[in-house]
Amino acid sequence: MASASVGEEEHNNNNKLILYSYWRSSCSFRLRIALNVKGLKYEYRAVNLLKGEQTHPEFLQLNPIGFVPVLVDGPAVIFDSFAIIMFLEDKYPQHPLLPTDIHKRAINFQAASIVSSSIQPLHNLNLLQKYIEEKVGPDEKLPWVQGVIRKGFTALEKLLKEHSGRYATGDEIFMADIFLAPQLHSAYKRFNIPMEKCPLGKFVSCF
């Protein structure tokens with residue numbers, strides 16, 4: 001039997017990971033992918049955003065900003081999916097989410113940043129309900145989201161064009177894929193952006 005890695009042994013000896021998540025949140029989705037790629041077991045605790053459970057006092061003690069996901073690992077409480085994934089990468093090195101090549105690492109960071117900073121925050125539930133729908137109009141919500149996603153995907157396509165293989169930055173699953181997959185799913189399933197011409201895990205001329 002193969003021996004466990006240092007990260008796996010540390011995880012087995014510590015408290016179980018606890019993930020506070022919402023099933024439709026793309027931020028939570030990317031973290032669930034990362035946990036599964038690394039083979040880490042965790043306890044799932046649902047936070048229903050539509051019922052406002054993220055504003056309950058007990059949840060705000062975990063994350064004062066009131067967003068999912070939140071990961072609890074023993075005494076450590078981490079929120080923000082980017083920060084959590086970097087924490088997992090440092091603490092549990094099995095199945096790395098970043099390549100060793102420094103240039104490819106930078107490409108992964110850029111792709112993740114485009115998704116987490118320039119696409120997803122501009123169509124989260126809070127923004128769409130409290131600003132676009134209420135202050136601009138409900139009919140403008142979908143065109144707004146589609147415009148944001150198309151702009152971001154165009155940038156991602158240019159970034160990844162010279163680096164993609166089987167996956168976004170080569171032939172292994174790395175951070176870029178973990179951030180891209182939920183965003184692709186959201187674009188197609190929630191916001192009706194046609195993705196038929198996009199090969200899975202890669203960007204070509206989709207629009």
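Residues numbered from 1 in each chain as written. Predicted model: local features only at pLDDT ≥ 70, side-chain atom pairs only at ≥ 80, totals over all residues. Heavy atoms only, no water.

For the protein, the name recorded in an unreviewed UniProt entry is glutathione transferase, with Cicer arietinum as its organism. The record in UniProt for the protein states the following under Sequence similarities (unreviewed entry): "Belongs to the GST superfamily. Zeta family." Its UniProt record, at the heading Catalytic activity (unreviewed entry), says of the protein: "RX + glutathione = an S-substituted glutathione + a halide anion + H(+)". (UniProt positions renumbered as here; feature names shortened; annotations may be inferred.)

Now for the pairing of strand 1 (residues 17–21). Of all five residues making up strand 1, five are buried, and the element is well covered by its neighbours. Side chains Leu-17, Leu-19 and Ser-21 project from strand 1 onto one buried face, and the interleaved Ile-18 and Tyr-20 project onto a second face that is buried too. With five bridges joining them, strand 1 and strand 2 (residues 42–46) adopt parallel strand pairing. In the strand pairing of strand 2, Ile-18 is matched with Glu-43. Between strand 1 and its parallel partner strand 2, the chain crosses via helix 2 (residues 26–37), and the hand of that crossover is right-handed. Judged from the three bridges that link them, strand 1 and strand 3 (residues 70–73) form a sheet pairing that is antiparallel. Its bridge partner being in strand 3, Tyr-20 is matched across the sheet by Val-70. (Buried < 20%, exposed > 50% of the residue type's maximum accessible area, 1.4 Å probe, protein only. Helix = DSSP H or I, 4+ residues; strand = E, 2+ residues; numbered from the N terminus. Pairing = 2+ DSSP bridges. Right-handed = clockwise from strand over helix to strand, strands pointing away.)

Next up on the list: a nonpolar patch on the surface. A contiguous nonpolar surface patch, about 290 Å² in accessible area, is contributed by Ile-65, Phe-67 and Phe-79. With respect to the helices and strands, Ile-65 occurs in the loop between helix 3 (57–62) and strand 3. (Patch = residues over 30% accessible without salt bridge, like charges linked within 9 Å, V, L, I, M, F, W, Y side chains within 5 Å. Areas by Shrake-Rupley, 256 points an atom, 1.4 Å probe, with all protein chains shown as cover. Salt bridge = Lys/Arg side-chain N within 4 Å of Asp/Glu carboxyl O.)

Turning our eyes to something else, we now look at the nonpolar core. Formed by 37 residues in total, the largest nonpolar core has its most connected members in Ile-85, Leu-88, Ile-149 and Leu-156. Contributions of two or more residues to this core are made by strand 1, helix 2, helix 4 (81–91), helix 5 (102–119), helix 7 (141–160) and helix 8 (175–189). There are two domains that each give this core at least three residues, and those are domain 1 (17–91) and domain 2 (102–203). Counting ten residues, the second largest nonpolar core, distinct from the first, contains Ile-18, Tyr-20, Leu-49 and Val-72. (Core = buried A, V, L, I, M, F, W, Y, C linked by side-chain atoms within 4.5 Å. Domains from an automatic or database assignment.)

With burial as the criterion, each face of strand 3 is covered, one bearing Val-70 and Val-72 and the other bearing Leu-71 and Asp-73. Here strand 3 pairs with strand 4 (residues 76–79) via four bridges, running antiparallel. Counted as the bridge partner of Val-70 is Phe-79 from strand 4. Following strand 3, the chain reverses through two residues before pairing antiparallel with strand 4; Gly-74 in that reversal takes a positive phi of roughly 60°.

The share of residues in the protein with pLDDT of 70 or more is 84%, and the mean pLDDT across the chain is 84. Under a pLDDT of 50 for its full length, residues 1–13 has, in the predicted model, twelve contacts with residues more than four places off or in other chains. Predicted confidence for residues 199–207 stays below pLDDT 50, and this span has 28 contacts to residues more than four positions away or in other chains. (pLDDT = per-residue confidence, 0-100. Contact = heavy atoms within 4.5 Å.)

Bringing the packing of aromatic side chains into the picture now. Applying the stated criterion to the full structure yields three aromatic pairs. For the ring pair Tyr-22 and Trp-23, a centre distance of 6.0 Å and an interplane angle of 55° mean the geometry is tilted. The exposure class assigned to Tyr-22 is buried, which follows from its relative accessible area of 8%. (Phe/Tyr/Trp six-rings, centres within 6.5 Å; stacked < 30°, edge-to-face > 60°.)

Each pair of packed helices can be described by the angle between their axes along with the distance between the axes. At a minimum axis separation of 7 Å, helix 5 and helix 8 run at an interaxial angle of 30°. By the criterion of interaxial angle, the relationship of helix 5 to helix 8 is roughly parallel. In this structure, helix 5 crosses over helix 8, and the sense of that crossing is left-handed. Packed against helix 5, whose contacting residues are Asn-108, Phe-109, Ala-111, Ala-112, Val-115, Ser-116 and Ile-119, the element helix 8 presents Met-175, Ala-176, Phe-179, Leu-180 and Gln-183 at the interface. (Axes fitted to C-alpha atoms, helices over the stretch in contact; angles between N-to-C directions. Parallel < 35°, antiparallel > 145°, perpendicular 65-115°, else oblique. Left-handed = near helix turned anticlockwise from the far one by under 90°.)

Among all positions of helix 4, only Ser-81, Ile-84, Ile-85, Leu-88, Glu-89 and Lys-91 are buried. The opening residue of helix 4 is Asp-80, an N-cap whose side-chain oxygen sits 3.1 Å from the backbone nitrogen of Phe-82. (Polar contact = N/O pair within 3.5 Å; in protein donor to acceptor, adjacent residues only side chain to side chain.)

Turning next to the sheet that holds strand 1. Within the open sheet, the four strands sit side by side as 2-1-3-4. Their pairing is mixed. Here the strands that pair on one side only, and so sit at the sheet edges, are strand 2 and strand 4. Strand-to-strand, the axes of this sheet are offset by a mean angle of 20°, without reference to chain direction. Packing of helix 2 onto the sheet brings it into contact with strand 1 and strand 2, and relative to strand 1 it is tilted by some 155°. Along the sheet face, helix 4 touches strand 3 and strand 4 and points at about 135° away from the line of strand 4.

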